[in-house]
Amino acid sequence: MLRKKVYSLIFIFVIWLAPVSGLAAATTLYLEPASGNFSIGEVFPVTVKVSSPVEFINAAQTIIKLPNQFLSLQSFTVEDSIFTLWPDEPVLKNERFILSGGLPQPGFKGEKGNILTLYFKVERSGTARINFVSGSAHANDGRGTNILDNMIGGTYTLLPTAVSPPAAASGLPQAPTISSLTHPDQSSWYQGDKGFFV
């Protein structure tokens, strides 16, 4: 009886752990950062990354939808990319950024592989969402099997331009200089009660 209970507990634990292990092992395209607060006029980077902790991949393609009403794409760089082969140059068409890249043997296996970094300028306040429209990640298995499991976009809070308070005065204004033609000596007493001051 006790043995059956132990086996039942082990079975339940394995069933509970399986989805967690599967998620950790999933091949994923994602953005970093996936969120953040940015002000109008500010330029910030968003890196397209791939995670493939179990299998080697040697190519990936994706189309990313950009919120042009909130963000304008200023530039992009592949300087730190895991990919060294680009069949077609990454390009922006309307609101869609298209990229396709790869690398030689043995490929890439890991959790934080940089593909490309985009630089956006905030044009107006609101909530901007950058989403993957489609994508694939191909295993280095001789067949180019698509092993992509997930695509995770990003949501960004865009704030109005901060208004700086006026600068504080560095010092108090100097007191005016007052003199009198009719009462020149302030330590003396004068009979007349009418004076002329400048």
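Residues numbered from 1 in each chain as written. Predicted model: local features only at pLDDT ≥ 70, side-chain atom pairs only at ≥ 80, totals over all residues. Heavy atoms only, no water.

Engineer: Before we move on, can you summarise the overall build of the protein chain with the specific residues and values?
Structural biologist: For the protein chain, the helix and strand inventory stands at one helix and 10 strands. Element order for the protein chain, N to C, with α for helix and β for strand: α-β-β-β-β-β-β-β-β-β-β. Across the 198 residues of the protein chain, 30% fall into the buried class. Relative to all contacts within the protein chain whose residues are 6 or more apart in sequence, the contacts with residues 24 or more apart total 74%. About 13200 Å² of surface is accessible on the protein chain, with carbon and sulfur atoms providing 58% of the total. (Helix = DSSP H or I, 4+ residues; strand = E, 2+ residues; numbered from the N terminus. Buried < 20%, exposed > 50% of the residue type's maximum accessible area, 1.4 Å probe, protein only. Contact = heavy atoms within 4.5 Å. Areas by Shrake-Rupley, 256 points an atom, 1.4 Å probe, with all protein chains shown as cover.)

Engineer: Describe the confidence of the model for the protein chain, with residues and values.
Structural biologist: Looking at the protein chain, the pLDDT average stands at 84 and 69% of residues meet or exceed 70. Counted against residues more than four places away or in other chains, residues 4–23, with its pLDDT under 50, gives one contact. (pLDDT = per-residue confidence, 0-100.)

Engineer: Any chance you could break down the packing of aromatic side chains for me, citing the residues and the numbers?
Structural biologist: The final tally for this structure, using the stated rule, is six aromatic pairs. Aromatic pair F38 and F44: ring centres 3.8 Å apart, planes at 5°, arrangement stacked. Of the two residues, F38 and F44, neither departs from the other in class, the shared state being buried. When the centroid spacing of 6.0 Å and the interplanar angle of 75° are considered together, the rings of F83 and W86 count as edge-to-face. Judged by its relative accessible area of 3%, F83 is buried. For W86, a relative accessible area of 24% corresponds to the partly exposed category. (Phe/Tyr/Trp six-rings, centres within 6.5 Å; stacked < 30°, edge-to-face > 60°.)

Engineer: Give a description of the environment of N146 that names residues and reports values.
Structural biologist: One can find N146 in the loop between β8 (126–139) and β9 (148–152). A residue is classified by how much of its surface remains accessible, and N146, at 41% relative accessible area, is partly exposed. Taking the C-alpha atoms as reference points, N146 and A59, separated by 87 residues in sequence, lie 9.4 Å from one another. The residues touching N146, leaving out its near neighbours within four places in the chain, are G135, S136, A137 and H138.

Engineer: Give me the lowdown on the pairing of strand β3 (residues 43–65), citing residues and values where you can.
Structural biologist: With five bridges joining them, strand β1 (residues 27–32) and β3 adopt antiparallel strand pairing. Counterpart to T28 in the pairing with β3 is S51. As defined by bridge partners, β3 adjoins strand β7 (residues 108–122) across 10 bridges and the pair is classed as antiparallel. Note that in β7 the partner of I57 across the bridge is F108. (Pairing = 2+ DSSP bridges.)

Engineer: Requested: an account of unusual backbone geometry, with residues and values cited.
Structural biologist: A cis amide bond links E32 to the next residue, P33, at an omega of 0°. By secondary structure assignment, the location of P33 is in the loop between β1 and β2 (35–39). Of the consecutive residues Q105 and P106, the connecting peptide bond is found in the cis state with omega at 0°. Looking at where P106 falls in the secondary structure, it is placed in the loop between β6 (96–102) and β7.

Engineer: How would you summarise the pattern of salt bridges if you had to cite specific residues and measurements?
Structural biologist: Oppositely charged side chains can pair when the atoms bearing their charge come close. Per the counting criterion, the structure on display carries three salt bridges. Between E95 and K65 there is a salt bridge whose closest N-O contact spans 3.1 Å. Placement of E95 in the loop between β5 (85–93) and β6 and of K65 in strand β3 is noted, with a sequence separation of 30 residues between them. Look at K65 and you get partly exposed, because its relative accessible area is 35%. A salt bridge links R143 to D141; the shortest N-O distance between them is 3.6 Å. (Salt bridge = Lys/Arg side-chain N within 4 Å of Asp/Glu carboxyl O.)

Engineer: Can you tell me about the pairing of strand β10 (residues 154–159), naming the residues and giving the values?
Structural biologist: Going residue by residue along β10, you find G154, Y156 and L158 tucked away on one face and T155, T157 and L159 left uncovered on the opposite face. Of the strand pairs in this sheet, β8 and β10 are connected by five bridges, and their pairing is antiparallel. Paired with A128 across the two strands is Y156, which belongs to β10.

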